[in-house]
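# Per-entry structural report
Letter by letter, the chains look like this.
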Amino acid sequence: MIDGKTRTLGLIGKPVEHTLSPVIHNNLAEMLKQNVVYVPLLVEEDLHAAISGAYALNLLGMNVTVPYKNDVIEELVEIDSLAKRIGAVNTLVRVPGGYKGYNTDALGLKRELLSEDITVEGKYTVVLGAGGASCAVVHLLADMGAKDILLLNRTVEKAEQLCAQVNAACGRIIAHAGKLQDYQAEMKYEEYLAIQCTSVGLHPKDTECVITEESFYQKIATGVDLIYNPEETMFMKQIRSKGKKACNGLKMLLYQGVIAFELFTGTTVTEEAAQDIYRRLKEELQKNG
Ligand code: ATR
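Residues numbered from 1 in each chain as written. Predicted model: local features only at pLDDT ≥ 70, side-chain atom pairs only at ≥ 80, totals over all residues. Heavy atoms only, no water.

We now examine the pattern of salt bridges. Within the structure shown, the criterion is met by 13 salt bridges. A salt bridge links lysine 251 to glutamate 116; the shortest N-O distance between them is 3.0 Å. One end of the pair, lysine 251, is in helix 10 (residues 250–265); the other, glutamate 116, is in the loop between helix 4 (104–115) and strand 7 (124–128), with 135 residues separating them in the sequence. A relative accessible area of 12% places lysine 251 in the buried class. Here glutamate 232 ties to arginine 240 by a salt bridge, and the two come within 3.0 Å at their closest N and O atoms. Judged by relative accessible area, which is 30%, glutamate 232 ranks as partly exposed. (Salt bridge = Lys/Arg side-chain N within 4 Å of Asp/Glu carboxyl O. Helix = DSSP H or I, 4+ residues; strand = E, 2+ residues; numbered from the N terminus. Buried < 20%, exposed > 50% of the residue type's maximum accessible area, 1.4 Å probe, protein only.)

Spelled out as structure tokens, the structure:
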């Protein structure tokens, strides 16, 4: 029920119409009896006007998506330390004078890894892709105590840049860059935790995979694909065919929303409520093919 006390939350981006975030936040609001409503907010171009206007209109909080996750940092009055290191923000929480920025993409993946019993500490890790999503992942892996991060990308310069940024933030060499096609020479260890952060294999190109060779998968002990549509990507299929564990990115999406909701409203979302939202997200994805 929307009434005189309802507070507004929303998603800023361009485009915003395909988002699943309203499913997460509006259902959580109902379950946790919070008087908030979550709406898409298309920002055509003037991000500064959008953020100051949102504050003036008393918006409680916002998520931020492509193409504003980096540029929005300039519009904040405060920023969380992990988000600052990553250089990208996807959640704005209202504080006196403006908004504080967080990166719940990274925190969402962290909660997914914990919920799937996937350990990062002391592990050799390989990350495929060096775009925006990969940036959050690489900083998170460093933060969670990975022993080593091998960052492979088609355009090696982007991987080198990201590695330099992560190594500078850590004060030691933890990340190494390589060309995707040179994976065999680069993968010196026996076993890796692999995180797939490229857009290859995303629906409708379900049968594509960024690396297809057997020799890569022989070294993967556990894999996470950030893609969640299709539910089982080719990357996951290859890992599972070796009897190993693989997950998609739907729980990361779920938990980035759950954590943002907790930050917006100051409430705690139980695991039971989170699982309920997870079911609804799956239904929504099935509906949309
Ligand atoms: P996101 O924000 O989701 O990370 P992005 O910043 O556009 O999206 O990054 C997409 C990633 O997928 C990049 O690492 C890109 O590689 P390049 O940096 O070489 O462009 C990777 N990618 C996209 N299509 C690819 C393909 N056909 N083969 C290999 N990598 C691909």
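Take the sheet that holds strand 1 (residues 7–13) next. With mixed pairing, the six strands of this open sheet are ordered in space as 2-1-3-5-6-4. Either end of the sheet is taken by a strand with one partner, and the two such strands are strand 2 (36–42) and strand 4 (78–79). The sheet contact formed by strand 1 and strand 3 (residues 61–64) spans four bridges and is parallel. For leucine 9, the partnering residue across the bridge sits in strand 3 and is glycine 61. Helix-sheet contacts for helix 1 (residues 21–31) involve strand 2 and strand 3, and the interaxial angle to strand 2 is about 165°. (Pairing = 2+ DSSP bridges. Contact = heavy atoms within 4.5 Å. Axes fitted to C-alpha atoms, helices over the stretch in contact; angles between N-to-C directions.)

Before going further, it helps to examine unusual backbone geometry. A cis amide bond, omega 5°, links valine 66 with the succeeding residue proline 67. The residue after asparagine 229, namely proline 230, is reached through a cis peptide bond having omega 10°. Relative to the helices and strands, proline 230 resides in the loop between strand 11 (220–225) and helix 9 (234–240). Backbone geometry places asparagine 58, a non-glycine residue, at a positive phi of 70°. Residue position: asparagine 58 is located in the loop between helix 2 (47–56) and strand 3. For asparagine 58, a relative accessible area of 38% translates into the label partly exposed.

Before going further, it helps to examine the site of the ligand. As a structural note, the neighbourhood of the ligand is formed by 14 residues, with Ala130, Asn153, Arg154, Thr155 and Lys158 the closest of them. Contacts to the ligand include alanine 130, whose backbone N or O atom sits 2.8 Å from an oxygen atom. In this structure, an oxygen atom belonging to the ligand sits 2.8 Å away from a side-chain N or O atom of arginine 154. Coverage of the ligand by the protein chains reaches 64% of its 650 Å² of free accessible surface. Partitioned by chemical class, the residues of the shell around the ligand number five nonpolar, seven polar and two charged. (Near = heavy atom within 4 Å. Polar contact = N/O pair within 3.5 Å; in protein donor to acceptor, adjacent residues only side chain to side chain. Areas by Shrake-Rupley, 256 points an atom, 1.4 Å probe, with all protein chains shown as cover. Nonpolar A, V, L, I, M, F, W, Y, C, P; charged D, E, K, R; others polar.)

Turning next to the sheet that holds strand 10 (residues 192–196). Within the open sheet, the six strands sit side by side as 9-8-7-10-11-12. Their pairing is parallel. Pairing within the sheet leaves two strands with one partner each, and these edge strands are strand 9 (175–179) and strand 12 (245–247). Put simply, the sheet's adjacent strands are angled 20° from each other on average, direction ignored. Sheet topology note: the strand 11/strand 12 ladder contains three bridges and is parallel. Paired with valine 224 across the two strands is cysteine 247, which belongs to strand 12.

What follows deals with the environment of leucine 226. Within the secondary structure, leucine 226 is located in the loop between strand 11 and helix 9. Since its relative accessible area comes to 13%, leucine 226 is described here as buried. Taking the C-alpha atoms as reference points, leucine 226 and histidine 25, separated by 201 residues in sequence, lie 21 Å from one another. Other than its neighbours up to four places away in sequence, leucine 226 contacts Leu109, Ala133, Val137, Ile195, Gln196, Cys197, Gly249 and Met252.

Across the six residues of strand 11, five count as buried, placing the element largely inside the fold. For strand 10 and strand 11, the ladder comprises five bridges, and the chain directions are parallel. Among the inter-strand pairings, alanine 194 is bridged to a residue of strand 11, identified as glycine 223. For the crossover from strand 11 across helix 9 to strand 12, the handedness is right-handed. (Right-handed = clockwise from strand over helix to strand, strands pointing away.)

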